Amino acid sequence: MNPIIKNILAIILGWLGGSVINMGLVQTGHKLMPIEGVDLNDMNALAEIMPTLEPKYFIFPFLAHALGTLVGAIIAGLIAANHKIKFSMAIGCLFLLGGIIVNMMLSGPIWFTIVDIAIAYIPMAWIGGKIALRLSKDKT
């Protein structure tokens, strides 16, 4: 397959795969630890309650961001024709951008914003890229 097409697919499929993991974990968190009296589809109500939530309510969002980025970065790194780490890091940057936007829209406690932005995206993308490199070398 043409390397350019492979690299484009790496970004698209890495982003989609990571997004599926992200949303699955967010929804799982809402089912396991529902926020009483808040419609999760009402962004204004959610934004209003976020700063008052206990830390337990931030476990699944953090896991969703970190594991979604990790899986997306692994997928991108495995599919990319070359520069596997760079494509994994590109996924990390896409998810970081999304994380910054969500943290601005639904500003939670500052400790969560710092942990989320600092750990869930770029470090996870780098680890995902390293895993993809290792798995790619094992196949050859």
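The structure we're discussing is the one just above.
*Asks:* Sorry, what's going on with the layout of surface pockets here?
*Replies:* To find leftover empty space, a probe the size of one water molecule is rolled over the atoms. In this structure, the largest pocket encloses a volume near 800 Å³. Forming the boundary of the largest pocket are 31 residues, of which Asn22, Met23, Val26, His65 and Val102 lie nearest the centre. If you list the elements that add at least two residues to the lining of the largest pocket, you get helix H1 (3–32), helix H2 (43–49), helix H3 (59–79) and helix H4 (84–105). With 9 residues, H1 is the largest single contributor of residues to the lining of the largest pocket. A class-by-class count of the residues in the lining of the largest pocket yields 22 nonpolar, 9 polar and no charged.

*Asks:* Would you explain the packing of H1 against H4 in this entry?
*Replies:* In the contact formed by H1 and H4, the axes pass within 10 Å of each other and the chain directions differ by 45 degrees. Comparing the axis directions of H1 and H4 gives the class oblique. By crossing handedness, the relation of H1 to H4 is classed as right-handed. Of the residues in H4, those touching H1 at Asn7, Ala10, Ile11, Gly14, Trp15, Gly18, Ser19 and Asn22 are Phe87, Ala90, Ile91, Leu94 and Phe95.

*Asks:* Please clarify how helix H5 (residues 110–119) should be interpreted in this entry.
*Replies:* Helical geometry note: an α-helix holds 3.6 residues per turn, so side chains three or four residues apart project in the same direction. If you check which residues of H5 are buried, you get Phe112, Thr113 and Asp116. On an axial view of H5, the arc spanned by its buried residues comes to 100 degrees, and they lie on one face. Projecting away from the buried face of H5 at angles above 90 degrees are the exposed residues Ile110 and Ile114. Residues of H5 that are buried in the fold lie against H3 and H4.

*Asks:* Mind showing me how you'd approach the packing of aromatic side chains here?
*Replies:* Aromatic ring pairs are described here by two measures, namely the spacing of the ring centres and the angle between the planes. For the structure on display, the rule yields 3 aromatic pairs. When the ring of phenylalanine 58 is compared with that of phenylalanine 112, the centres are 4.9 Å apart and the planes differ by 40 degrees; the resulting orientation is tilted. Of this pair, phenylalanine 58 sits in the loop between H2 and H3 while phenylalanine 112 sits in helix H5; the two residues are 54 residues apart in sequence, bridging distant segments of the chain. With respect to burial, phenylalanine 58 and phenylalanine 112 carry one shared label: buried. Within the aromatic cluster, the residues linked to one another by ring pairs are Phe58, Trp111 and Phe112.

*Asks:* Hey, could you run me through the side chain of asparagine 7 in this one?
*Replies:* Secondary-structure assignment places asparagine 7 in helix H1. Excluding residues that lie within four positions of it along the chain, asparagine 7 makes contacts with Ala80, Ala81, Asn82 and Phe87.

*Asks:* So what exactly am I meant to see when it comes to a nonpolar patch on the surface here?
*Replies:* On the surface, a cluster of nonpolar side chains totalling about 960 Å² of accessible area is made up of Met1, Ile4, Ile5, Ile8, Leu9, Ile12, Leu13, Trp15, Leu16 and Leu94. No other element matches the 8 residues that H1 contributes to the nonpolar patch. Relative to the assigned elements, isoleucine 8 resides in helix H1. On the accessibility criterion, isoleucine 8 (47% relative accessible area) is partly exposed.

Definitions and cut-offs
Residues numbered from 1 in each chain as written. Predicted model: local features only at pLDDT ≥ 70, side-chain atom pairs only at ≥ 80, totals over all residues. Heavy atoms only, no water. 1 Å grid on protein atoms, 1.4 Å probe; cavity = no way out; pocket = protein on both sides within 12 Å on 5 of 7 lines; lining within 4 Å. Points joined across faces, edges and corners; volume = space filled by probe spheres on them. Helix = DSSP H or I, 4+ residues; strand = E, 2+ residues; numbered from the N terminus. Nonpolar A, V, L, I, M, F, W, Y, C, P; charged D, E, K, R; others polar. Axes fitted to C-alpha atoms, helices over the stretch in contact; angles between N-to-C directions. Parallel < 35°, antiparallel > 145°, perpendicular 65-115°, else oblique. Left-handed = near helix turned anticlockwise from the far one by under 90°. Contact = heavy atoms within 4.5 Å. Buried < 20%, exposed > 50% of the residue type's maximum accessible area, 1.4 Å probe, protein only. Arc of directions from axis to C-beta. Phe/Tyr/Trp six-rings, centres within 6.5 Å; stacked < 30°, edge-to-face > 60°. Patch = residues over 30% accessible without salt bridge, like charges linked within 9 Å, V, L, I, M, F, W, Y side chains within 5 Å. Areas by Shrake-Rupley, 256 points an atom, 1.4 Å probe, with all protein chains shown as cover. Salt bridge = Lys/Arg side-chain N within 4 Å of Asp/Glu carboxyl O.

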